[in-house]
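Coordinate analysis (summary)
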Amino acid sequence: SASNESDLRSPICCILGHVDTGKTKLLDKVRQTNVQGGEAGGITQQIGATYFPVDSIKQKTAVMAQHEKQTFDVPGLLIIDTPGHESFTNLRSRGSSLCNIAILVIDIMHGLEQQTLESIRLLRDRKAPFIVALNKIDRLYDWKEIPNNSFRDSYSKQTKSVQAEFQNRYEQIKVALAEQGLNSELYFQNKNMSKYVSIVPTSAVTGEGVPDLLWLLLELTQKRMSKQLMYLSKVEATILEVKVVEGFGYTIDVVLSNGILREGDRVVLCGLNGPICTNIRALLTPPPSRELRIKSEYVHNKEVKAALGVKIAANDLEKAVAGSRLVVVGEDDDEEEIMEEVMDDLTGLLDSVDTSGKGVVVQASTLGSLEALLDFLKDMKIPVMSIGLGPVYKRDIMKASTMLEKAPEYAVMLCFDVKVDKEAEQYAAEQNIKIFNADIIYHLFDQFTAYQQKLLE
Ligand code: GTP
Ligand code: MG
Ligand code: NA
């Protein structure tokens, strides 16, 4: 098809790295928001998406003009935040599968950690190009900050001892990366971007190096993404979350990674009780540079172009499964066929349900967290009798109560990040069904492991 400039799509960049290296905080710095401060336990447990229009990137990279040439061909950049906690391998994997380029965040004070290594493996498997943000440079002893400055300029103004500490830590991390088979170089000394990984020193607190990071992202996506990837084609969309929004009822948050969505489009998605076919009633986007997860005034759109995060309002979304795909039914498409196709994600998970009918009941907020819970239980060799998504009702407890006679040790409900209905809670108390509910996934694992150990004593 004939391509022109208005067909250009925005690249998708995914942020990966070990827990607490500053992934969310870096994004907060670019957005001038505080998402990180509002997270339970300060940890990210979902994928978040933020769209940056190219104009806002221009502003934020202005200080780079003294060092580098700049080009702004793409309409913007979609950045996807992922959790660093070990329980969320699946979300990191999903995030990395959506992206054209990635930022691997490494804490300069800690070097390579467990999920750094895992992220490197993921990116390798996907052959995704990536750069390293060497974050928290403000923690180098006696660092003098110049807010939102380019790294090179800030660095040149540090004392000899700060520069020596930086060099020392940087060299160690370079060696550690080499041990992983990665040659790396400070990005402005990197003469061969396709062979050497570029390192950008940053601070999410002072904003230093953030202009460098944005500049490099644009530079690499514009120069190194294949032309074909740069143009809009068939719709590819993933559901991140299902949420009730005042005035709209049930809505879904979606990452549109390719193609165009229009108001009125017929779409098919994976539902808890079977496929859902519905029509898009409203396409809502947060104001530019705001995160989709955060409540704000929405902009209504007649159509939206990839890549971006968009909230969709439509009928029958209540049972939509977060983490699954959304497919647009075209004129020549067979709706029945698509209905089967979209259910594959969930059918895969049902395989982990024990056929003997013995096991615990598991309930989670998203397909991703449900997968994480099921992986954990598999490692623990604990069978699962039933799985569900969304709030817990009395009927879910009733399922668990069938274990009281068959296998009392499994008469429990493991719930992650879901509401437990009052009546359900009461019924569970009467029946002596233990409900474990946590909004931090490893707390849930810890609680349950402790309970299992107590039973064994
Ligand atoms: P997860 O999503 O849970 O994996 O963590 P994350 O990588 O998103 O890290 P987050 O943004 O939650 O930051 C973790 C902690 O490090 C917070 O207390 C931040 O304030 C702090 N932090 C992040 N970046 C910097 C930085 O550049 N300098 C300093 N001094 N602290 C930072
Ligand atoms: Mg985070
Ligand atoms: Na964190």
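Description of the structure in this document. Computed from a predicted model, the values in this text were never measured in an experiment.

When helices and strands are counted, the chain shows 14 helices and 21 strands. Since a compact globule built from 457 residues should have a radius of gyration of about 23 Å, the 23 Å found for the chain is in line with a globular shape. With the principal axes as the frame, the chain shows a C-alpha extent of 70 × 60 × 35 Å. By residue count, 56% of the 457 residues in the chain fall in the buried class.

In a regular helix each residue adds 1.5 Å, so 16 residues correspond to 22 Å; helix H9 (residues 335–350) covers 23 Å between its end C-alpha atoms and thus fits that length. Within H9, the axis deviates most sharply at Asp344, by approximately 45°. Among all positions of H9, only Ile338, Val342, Met343, Leu346 and Leu349 are buried. The elements touched by buried residues of H9 are strand E11 (266–269), strand E17 (325–328), helix H10 (367–379) and strand E19 (384–389).

Next up on the list: the environment of Ser93. Following the sequence through the fold, Ser93 ends up in helix H3 (residues 89–98). As for Ser93 and Pro288, which are separated by 195 residues in sequence, their C-alpha atoms are 26 Å apart. Beyond its immediate stretch of four places on either side in the chain, Ser93 contacts Leu122 and Arg126.

The subject of this paragraph is the pattern of salt bridges. Summed over all chains, the structure comprises 15 salt bridges. Between Arg262 and Glu303 there is a salt bridge whose closest N-O contact spans 3.2 Å. In this pair, Arg262 sits in strand E10 (residues 260–262) while Glu303 sits in strand E15 (residues 303–305), placing the two residues 41 residues apart along the sequence. Taking relative accessible area as the criterion, Arg262 reaches 39% and is therefore assigned partly exposed.

Within the secondary structure, Asn149 is located in the loop between strand E5 (130–135) and helix H5 (151–156). You can call Asn149 buried: its relative accessible area is 7%. At 3.2 Å, the side chain of Asn149 and the side chain of Ser154 are in polar contact.

What counts, and where the lines are drawn
- Residues numbered from 1 in each chain as written.
- Chains lettered and ligands numbered in written order.
- Predicted model: local features only at pLDDT ≥ 70, side-chain atom pairs only at ≥ 80, totals over all residues.
- Heavy atoms only, no water.
- Helix = DSSP H or I, 4+ residues; strand = E, 2+ residues; numbered from the N terminus.
- Rg over C-alpha atoms; globule rule 2.2 N^0.38 Å.
- Buried < 20%, exposed > 50% of the residue type's maximum accessible area, 1.4 Å probe, protein only.
- Expected span 1.5 Å × (residues − 1).
- Bend = angle between axes of the 7 residues up to and from the residue.
- Contact = heavy atoms within 4.5 Å.
- Salt bridge = Lys/Arg side-chain N within 4 Å of Asp/Glu carboxyl O.
- Polar contact = N/O pair within 3.5 Å; in protein donor to acceptor, adjacent residues only side chain to side chain.

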